[in-house]
Amino acid sequence: MAPAALPVSAAPHSRFVVVQPIRPKLCAGCRRGPLAMLILEDAAPRCLDCADLGHLVFLARGDTALTRRAREESGLSAVVVRFNRRKGRYERQGVLVEEPALAQAEERCLADAESRRRRRIRDARRRAAQDARFAEAFAAEILRLFPGCPQDRAQEISAHASLRGSGRVGRSAAGRALSEGAVVCAVVASVRHLDTPYDRLLMNGLPRYAARRQIAAAVEARLRAWRDTGVGEEDTGTR
Ligand SMILES: [Zn+2]
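Note that this is a predicted model, so its numbers are computed, not measured.

Student: Describe the overall build of the protein, and please don't skip the residues or the numbers.
Tutor: The helix and strand inventory of the protein stands at 7 helices and 6 strands. Its helices and strands taken in sequence order, the protein reads β-β-β-β-α-β-β-α-α-α-α-α-α from the N to the C terminus. A sequence separation of at least 24 residues applies to 50% of the contacts in the protein between residues at least 6 apart.

Here it is, written out as C-alpha cells:
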C-alpha cells in the first residue's frame, strides 16, 4: 500500500504526518527498516531519525485532554496515522510530541484530576454538613411537637426523613419538609411501622386502608402520649 496522497484532514494542526506503514518499508535515506513509523518526503519513506523527528515520543490516541495539552506544550509535533484498508481511509493513531511536553501535559492533567477530586470532597463535606443541620432541625421540630418522644427516636425519625428531604434538595424544599404537617407525617409513619402491627397486617394481605383503620387508635394513643410533656407509657415505669 503506497499512501500516495495523505488527506489534509488527517493533520489539521500539524505540518507533519507520520505513517505507520501496513507493509514493510525501508528508509530511503539510511536504508534502515522495516520502519514502524515513517514520513513521506517527495513520496519516499524516511525514518524519523532521518526526518529529524527521532527525539519525539509517541502518545496513543484516547485521552483528548492529554493529547491537546501535549501538542500545546510541544514545539514540534506530528500526527500519526495508519491506513485502514477496510474503510479506505487514514485513521489517526496518536501523536508524536517532545518528551518534556508530554511530561508537562501529564502533570497538568494530574493537577486537574487532583483539583476535581478535592472539589468532590469539599462538595461531599458541604452536603454532609447540610444533611446534619437538616437532621438536627428536623429532630428539634419533632421534640417541639412531641416533647414526650424519646430523643434517640426523634433522631432516628429525622435521620430517615433527611435521607429524602435534606439540604440537598434546596432550601425551600427543606423548609417545606420542616413544616408541621411533614414532621407529623414522618412521626406517624414511624409509629405505624415500629409501634403497631401495621407491617404484619400488610404482610397478611390486609388492604392498606383497612390496616390503617385497625391501628388508628394505637397510633393516636402513642402520639397523644408523646405530645404530653410528661412521661410516656413505657419510658420510666415510675408512674
Ligand atoms: Zn533513515
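We are not done yet, so read on.
Student: Can you lay out unusual backbone geometry for me, pointing to particular residues and giving the numbers?
Tutor: Cis geometry is adopted by the peptide bond preceding P34, which originates at G33 and carries an omega value of -5°. Its place among the elements puts P34 in the loop between β1 (16-19) and β2 (39-41). Despite not being glycine, R31 has its phi angle at roughly 65°, a positive value. Following the sequence through the fold, R31 ends up in the loop between β1 and β2. Here the phi dihedral of A43 falls at roughly 65°; this positive angle occurs in a residue that is not glycine. Assignment of secondary structure puts A43 in the loop between β2 and β3 (44-46). On the basis of neighbour count, A43 is assigned to the exposed category, with 10 C-beta atoms found within 10 Å.

Student: Explain the nonpolar core residue by residue, including any values.
Tutor: Grouped together as the largest cluster of nonpolar side chains are 23 residues, with contacts concentrated most on V18, A70, A78, V80, V95, L96 and V97. Residues in contact with V97, not counting those within four places in the same chain, are L56, V57, L59, A70, R71, S74, S77 and L102. Listed in part, the 15 residues of the second largest apolar core include A154, I157, A186 and V191.

Student: An account of the packing of helix α2 (residues 99-145) against helix α5 (residues 180-195) is requested, with residue identities and associated values reported.
Tutor: Where α2 meets α5, the closest approach of the two axes is 10 Å, and the angle between their N-to-C directions is 85°. With respect to α5, the element α2 is oriented roughly perpendicular. Residues F138, E141, I142 and L145 of α2 pack against E180, V183, V184 and V187 of α5. Here the contact of α2 with α5 is composed, by residue class, of 6 nonpolar, no polar and 2 charged.

Student: Break down α5 for me, citing the residues and quoting the values.
Tutor: Over its 16 residues, α5 runs 21 Å from end to end, which matches the ideal 22 Å to within 8%, given 1.5 Å per residue. Within the sequence span of α5, burial applies to V183, A186, V187, S190 and V191. Buried positions in α5, seen along its axis, are confined to an arc of 135° and lie on one side of it. Among the exposed residues of α5, those oriented more than 90 degrees off its buried face are G181 and H193.

Student: Go over the packing of α5 against helix α7 (residues 208-227), please, and point to the residues and values.
Tutor: Packing of α5 against α7 brings their axes to within 10 Å, and their N-to-C directions diverge by 115°. Viewed along their axes, α5 and α7 form a crossing whose handedness is right-handed. For the pair α5 and α7, the contacting residues are V188, V191, R192 and D195 in the first and I215, V219, R222 and L223 in the second. Taken together, the residues of the contact of α5 with α7 break down into 5 nonpolar, no polar and 3 charged.

Student: Explain the environment of R32 residue by residue, including any values.
Tutor: Mapping R32 onto the fold places it in the loop between β1 and β2. A residue is classified by how many C-beta atoms lie within 10 Å of it, and R32, with 12 of them, is exposed. For the pair R32 and C47, spaced 15 residues apart in the sequence, the C-alpha separation amounts to 7.6 Å. Ignoring anything within four residues of it in the chain, the contact list for R32 reads L26, C27 and C47.

Parameters and conventions
- Residues numbered from 1 in each chain as written.
- Predicted model: local features only at pLDDT ≥ 70, side-chain atom pairs only at ≥ 80, totals over all residues.
- Helix = DSSP H or I, 4+ residues; strand = E, 2+ residues; numbered from the N terminus.
- Contact = placed C-beta atoms within 7 Å.
- Buried ≥ 20, exposed ≤ 12 C-beta atoms within 10 Å, placed from the backbone.
- Core = buried A, V, L, I, M, F, W, Y, C linked by C-beta atoms within 7 Å.
- Axes fitted to C-alpha atoms, helices over the stretch in contact; angles between N-to-C directions.
- Parallel < 35°, antiparallel > 145°, perpendicular 65-115°, else oblique.
- Nonpolar A, V, L, I, M, F, W, Y, C, P; charged D, E, K, R; others polar.
- Expected span 1.5 Å × (residues − 1).
- Arc of directions from axis to C-beta.
- Left-handed = near helix turned anticlockwise from the far one by under 90°.

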